[in-house]
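Below are the chains, spelled out letter by letter.
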Amino acid sequence: MSIGNFPFVVAALLIVLGLYALLFKRNLIKMVIGISLIETGVNLFLVMAGYRTGGMAPIYTLAPTPIRDMVLPTPQALTLTSIVIGLATTALLLSFAVFIHRHYGTLDIQEIKELNG
Amino acid sequence: MNALLVHAPVLLVAVPLLGAFAVPILGKLGRGVRDAFVGLIIAATAALAGLLAANFFAAGAVPFVYQLGGQSVGIPLLSGGIPIRILFEIDGLSAFMALITALITLTGAVFSFSYWRNRSGGTLYFSLFLLLTAGIFGMELTGDLFNFFVFLEITSIAACGLIGFRVWLRRSQEAGFKVMALYTLSGLFVLLAIGLLYSEYGGLNIGYLASTIGTGILDKVALGLLLTGLAMKAGAVPLHMWAPDAYGEAPAPMSAVLVANSQASLYAVFRIVFTLFSATVSATALGWILIVLALLTIFVGVTMALVQSDIKRLVAYGAVSQIGYMLLGVGVGLAVSAQAAPPAYGFVAIQGGLFHMLNDAACVGLLFFASGAVIRAAGTRDLNRMGGLAHHMKWTTVFFAIGAFALAGVPPFNGFASKFLIYEASFQLSPFLSIVAILSSILLLAVFVKGFQAAFLGPRPSQPVEKAPVGMLVPMAVLAVFVIGLGLFPGFFVDHIVTPAAKALWDGPAAYITTVIGLGG
Amino acid sequence: MNGLQSGFGAWNPIAWTLLFLGVLVIALLVRSRGRRDYKRGTGQTRVFLSGNEEPEERGGLHVRGDNLYWGMIDGLAAYYRRVRALHTGVLSDYVAWLVGALALMFVILVLVG
């Protein structure tokens, strides 16, 4: 039984959940989690873009002799890069959140609006 | 020399990257060594950019491709017609943007030396600065979509690190968080679009995708994602609200380089709209989308600038509004380029928009440097509490006035030259466009008169004023010389530098595509 | 020679600068034919404000930056009230603008393109 389009639906769901967290949650940490959810959704989409039904891992060394279908390796490289970039951005966001808490005393996004107008 | 020229595209990214990782180590040896090393790296980068551009424009502005690794790796460039290597592609627009970036980063670095003279922490600042430089050059020179995304994220992280660099100020942390969240979100939109395009066509090279892209709904979704994400990074209204926070809270030399960052994202918008998606959506519709964004940006940017009481936010809103002029010029050109016999004013509009990128970079850089010197002298950023600085800081006054008049489009400076082209061309499309543009230019002059009067005019200040050191005056003087030179000899620069860049957009994606596809044959 | 052609007009900055300098020379000529008994630094150049002497403490004499364009800003007060209220400074609103613009872009591109 094939998996159909289910992973794409899950990826879209993750992105929508992440956007919901960004838009409607007031805690800074929850917003960072929302961004992380969107990253996960996009990475899942990228990996699924390379999947071929019944394919095996794209490694030529010691492959079975009638070589079956392989999944595409490029999206896997893209996803790895994106995960590392996501690590760097999440680290930077969280360190900014720590400093904001030190200065403002709160993590509520509705209170941190000194730069307005 | 020949080897330098051949490898210049990748050296423009590699040299600042090497510098960025070597500065923390060399910084341990002392401040002088660090400053000398950073100066050497930035001077080498600027020289490479100048060399690349000079050679490119002298050879007739023929786009060429640089393959990372060359033929010696033994892997063919095309496999089944799809480019499988990461290629840097240099065409007229890329070379033009590389020149702008080289100018701004060079003057920003020289200003940074004297900015950090009596403070500590400069080593890590320079490391992030060189990383940002490498990222901006990478964004402008690459011909591969995913490579572009990687450089986009590099610039996002480095720029936000620099915005929130002074961790003892509460506003810079707030600005850093907001800007990082928005940059990350727009980068994820861009990545989603790249994933969509890859899953449809199997390739990531811009030239290859441009040749095979279709008109399905997935392509339009990808275009919408890319356009929104990159327009947000460029600072188009209504997605501009991070820009005054970012430009205002960054250290003074960084604000100018952040403007170069926004212009690189604007370059990406042009590249996507003209080259990548030229077959997907009608050019008229896309052109009018850009024009509507442009009008909103111009008007809201300049009217919000009028009510600011912080000098850097004032200049920042002015910078936001000038992005609108570039969008207006190129949008008018795009809107008429799809007609059977495209009228000549479309080309003039694109020339005006691209020339304005160069002028705006120089003028806004000059204004941000001058505001940095003013804040240092007055000890405050509030326009209501400073005054009378012209008695002590004559050169800074002159430079601020030159930058203000130039950006507002007063003859004979360079702002007028590019705005003249934009006004005349957009008037042919619809008189309403040029009316809004001209009125906003007048309002911009009013905005800078407000800044000038509040900071420089008035009686002598009662507290002692710290004059701007020579290290701050030199980059301002260099930019002022550029402003006056571009203003007095616009024909030379437009004919040799701007016209090849405008032709790269106006003539369509054919040249860009065949440079890549023709590699296999 | 050197200059920009826009297809409908031309702009030559060198000619403009020469014209400007020429007018400046004429203005200076007119000025030089004025009175000869005007000397700076003497009692002729003392500043009076509405008939009163200039006070020693000059701190309050400078027009503050925010007051400079009061009339214009007050005239556009309705516009500013709405537009400044939109720049709330809250990150969730910025993301809402981004998502809204994305949705609008999708609708326009799918309908029109």
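Asker: Let's hear about the overall build of chain A: which residues, and what values?
Answerer: Check the secondary structure of chain A and you find three helices and zero strands. Element order for chain A, N to C, with α for helix and β for strand: α-α-α. Relative to its length of 117 residues, chain A is extended, with a C-alpha radius of gyration of 20 Å against a globular reference of 13 Å. Each of the three principal axes of chain A carries a C-alpha extent, and together these read 65 × 30 × 20 Å. Taking as baseline every contact in chain A between residues at least 6 positions apart, the subset at least 24 positions apart corresponds to 56%.

Asker: Lay out the overall build of chain B in plain terms, naming residues and giving numbers.
Answerer: Counting its regular elements, chain B contains 20 helices and four strands. For a compact globule of 521 residues, the expected C-alpha radius of gyration is about 24 Å, and chain B comes in at 22 Å, within 12% of that figure. Dimensions of chain B, computed from the C-alpha atoms along their principal axes, are close to 75 × 60 × 40 Å. Taken across its 521 residues, chain B has 66% of its residues classed as buried. Across chain B, the fraction of contacts at a sequence separation of at least 24, relative to all contacts at a separation of at least 6, is 83%.

Asker: Residue-level account of the confidence of the model for chain B, with values.
Answerer: Residue and element names in this part refer to chain B. Mean pLDDT over chain B: 90, with 98% of residues reaching 70 or higher. No element of chain B has a lower mean pLDDT than strand E2 (residues 78-79), at 72, and none a higher one than helix H6 (residues 145-163), at 95. Scored as a complex, the prediction yields pTM 0.93 and ipTM 0.95.

Asker: Can you lay out the interface of chain B and chain A for me, pointing to particular residues and giving the numbers?
Answerer: Counting from both sides, the interface comprises 26 residues of chain B and, opposite them, 26 residues of chain A. Those elements giving two or more residues to the side of chain B that touches chain A turn out to be H6 and helix H7 (170-201) of chain B. Among the elements that line the side of chain B that touches chain A, the one with the most residues is H7(B), at 17 residues.

Asker: Pulling in residues and values, what's your account of the interface of chain B and chain C?
Answerer: Much of the literature gives interface size as the accessible area that the parts lose upon coming together. Between chain B and chain C, the residue contacts involve 54 residues of the former and 39 residues of the latter. Sorting elements by how many residues they give to the side of chain B that touches chain C places helix H9 (residues 217-234) of chain B first, with eight residues. In the side of chain B that touches chain C, the residues fall into 37 nonpolar, 13 polar and four charged.

Asker: So, the pairing of strand E4 (residues 87-90) of chain B: which residues are in play, and what are the values?
Answerer: Residues and elements named next belong to chain B. Taking every second residue as pointing to the same face, both faces of E4 are buried, with Leu 87 and Glu 89 on one and Phe 88 and Ile 90 on the other. Both strand E1 (residues 64-67) and E4 contribute to a ladder of four bridges, which runs antiparallel. Bridge pairing in E4 places Tyr 66 opposite Phe 88.

Asker: Give me the domain arrangement of chain B: which residues, what numbers.
Answerer: Residue and element names in this part refer to chain B. The assigned domain composition of chain B is domain 1 (1-281) and domain 2 (282-488). When each unit is reduced to the centre of its C-alpha atoms, the spacing between domain 1 and domain 2 is 23 Å. The partner domain 2 presents 40 residues to the 34 residues of domain 1 that form the contact. If one sorts the elements of the side of domain 1 that touches domain 2 by residue count, helix H11 (residues 252-276) sits on top with 12 residues. For the side of domain 1 that touches domain 2, a count of residues per class yields 26 nonpolar, eight polar and no charged.

Asker: If you had to explain unusual backbone geometry to someone new, which residues and values would you point to?
Answerer: Residues and elements named next belong to chain B. Between Val 237 and the following residue, Pro 238, the backbone shows a cis peptide bond with an omega angle of 5 degrees. Following Pro 411, the chain continues to Pro 412 via a peptide bond in cis, the omega torsion being 0 degrees. With respect to the helices, strands and loops of the structure, Pro 412 is situated in the loop between helix H15 (394-408) and helix H16 (414-429).

Asker: Account for the nonpolar core, with residues named and values stated.
Answerer: All names here are of chain B. Counting 261 residues, the largest nonpolar core has Leu 12, Ala 98, Leu 366 and Val 483 as the members making the most contacts within it. No other element matches helix H14 (residues 344-378), which puts 22 residues into this core. What Leu 366 contacts, discounting residues up to four positions off in sequence, is Phe 399, Ile 402, Gly 403, Met 476, Leu 479, Ala 480 and Val 483.

Asker: Got a sec to walk through the environment of B:Cys363? Specific residues and values, please.
Answerer: Residue and element names in this part refer to chain B. Turning to its location among the elements, Cys 363 is positioned in helix H14. Overall, Cys 363 belongs to the buried group, with 31 C-beta atoms counted inside 10 Å. Dropping the residues within four chain positions of it, Cys 363 is found in contact with Gly 403, Ala 406, Leu 407, Gly 415 and Val 483.

Asker: Residues and numbers for the packing of H11(B) against H14(B), please.
Answerer: All names here are of chain B. For the pair H11 and H14, the least separation of the axes is 7 Å and the interaxial angle reads 160 degrees. It follows that H11 is roughly antiparallel to H14 by the angle criterion. As H11 packs across H14, the resulting crossing turns out to be right-handed. Of the residues in H14, those in contact with Ala 252, Pro 253, Ser 255, Ala 256, Val 259, Ala 260 and Gln 263 of H11 are Met 357, Ala 361, Val 364, Gly 365, Phe 368, Phe 369, Ser 371, Gly 372 and Ile 375.

Asker: Hey, could you go over helix H12 (residues 283-306) of chain B for me, with residue numbers and the actual values?
Answerer: Relative to the 34 Å expected for 24 residues at 1.5 Å per residue, H12(B) spans 35 Å between its end C-alpha atoms, a close match to the ideal helical length. With 19 of its 24 residues buried, H12(B) lies for the most part within the structure.

Asker: Which residues make up the packing of helix H5 (residues 122-141) of chain B against H6(B), and what values go with them?
Answerer: All names here are of chain B. Across the interface, H5 lies against H6 with an axial gap of 8 Å and an inter-helix angle of 150 degrees. With respect to each other, H5 and H6 are oriented roughly antiparallel. Our pair here, H5 against H6, has a crossing hand that is left-handed. In contact with Tyr 125, Leu 128, Phe 129, Leu 131, Leu 132, Gly 135, Ile 136, Gly 138 and Met 139 of H5, H6 contributes Phe 148, Phe 151, Leu 152, Ile 154, Thr 155, Ala 158, Ala 159, Gly 161 and Leu 162. Of the residues assigned to the contact of H5 with H6, the class counts are 14 nonpolar, four polar and no charged.

Asker: Before we move on, could you go through H14(B) and cite the residues and values that matter?
Answerer: Residues and elements named next belong to chain B. Helix length check: H14, at 35 residues, gives a terminal C-alpha distance of 50 Å against a target of 51 Å (1.5 Å per residue), a fit within 8%. Along H14, 32 of the 35 residues are buried, which leaves the element largely enclosed by surrounding structure. Positive phi shows up at Gly 379, right after H14, with a value of about 75 degrees.

Asker: I'd like to hear about the environment of B:Ser112, residue by residue, with values.
Answerer: All names here are of chain B. Looking at the secondary structure, you find Ser 112 in helix H4 (residues 92-115). Under the C-beta neighbour-count criterion, Ser 112 is labelled buried, with 27 such atoms within 10 Å. Other than its neighbours up to four places away in sequence, Ser 112 contacts Phe 129 and Pro 253.

Asker: With reference to specific residues and values, describe the environment of B:Leu204.
Answerer: Residue and element names in this part refer to chain B. Assignment of secondary structure puts Leu 204 in the loop between H7 and helix H8 (206-212). For Leu 204, a count of 23 C-beta atoms within 10 Å puts it in the buried group. If sequence neighbours within four positions are ignored, Leu 204 has contacts with Asp 144, Leu 145, Phe 146 and Tyr 198.

Rules behind the numbers
Once a new chain begins, its residue numbering starts again from 1 and follows that chain's sequence as written. To label them, take the chains in the order written and letter them from A, then take the ligands in the order written and number them from 1. In keeping with the predicted nature of the model, local features appear solely for residues at pLDDT of at least 70, side-chain atom pairs appear and are counted solely at 80 or more, and the whole-chain, interface and lining totals rest on all residues. Helical segments are the DSSP runs of H or I of at least four residues, strand segments are the runs of E of at least two, and each set is numbered from the N terminus. The atom set for the radius of gyration is the C-alpha atoms, and the globule formula is 2.2 Å times the number of residues raised to the power 0.38. We call two residues in contact if the C-beta atoms placed from their backbones are at most 7 Å apart. With C-beta atoms placed from the backbone, a residue counts as buried when 20 or more other C-beta atoms lie within 10 Å of its own, as exposed when 12 or fewer do, and as partly exposed for counts between those limits. pLDDT is a per-residue confidence score from the predictor, ranging from 0 to 100. Basically, the charged four are Asp, Glu, Lys and Arg, the nonpolar ten are Ala, Val, Leu, Ile, Met, Phe, Trp, Tyr, Cys and Pro, and anything else, Gly included, counts as polar. Paired strands are those between which DSSP finds at least two bridges. Boundaries of every domain are those given by an automatic assignment or by a domain database. To count as a nonpolar core, a set of buried Ala, Val, Leu, Ile, Met, Phe, Trp, Tyr and Cys residues must be joined through C-beta atoms within 7 Å. Helix axes use the C-alpha atoms of the stretch in contact, all axes being lines fitted to C-alpha atoms, and the angles between their N-to-C directions lie in the range 0 to 180 degrees. Each angle gets one of four labels, with under 35 degrees taken as roughly parallel, over 145 as roughly antiparallel, 65 to 115 as roughly perpendicular, and the rest as oblique. In this scheme the crossing of two helices becomes right-handed for a clockwise turn of the near helix relative to the far one and left-handed for an anticlockwise turn of less than a right angle. Helices are assigned an expected span. That span is 1.5 Å times one less than the residue count.

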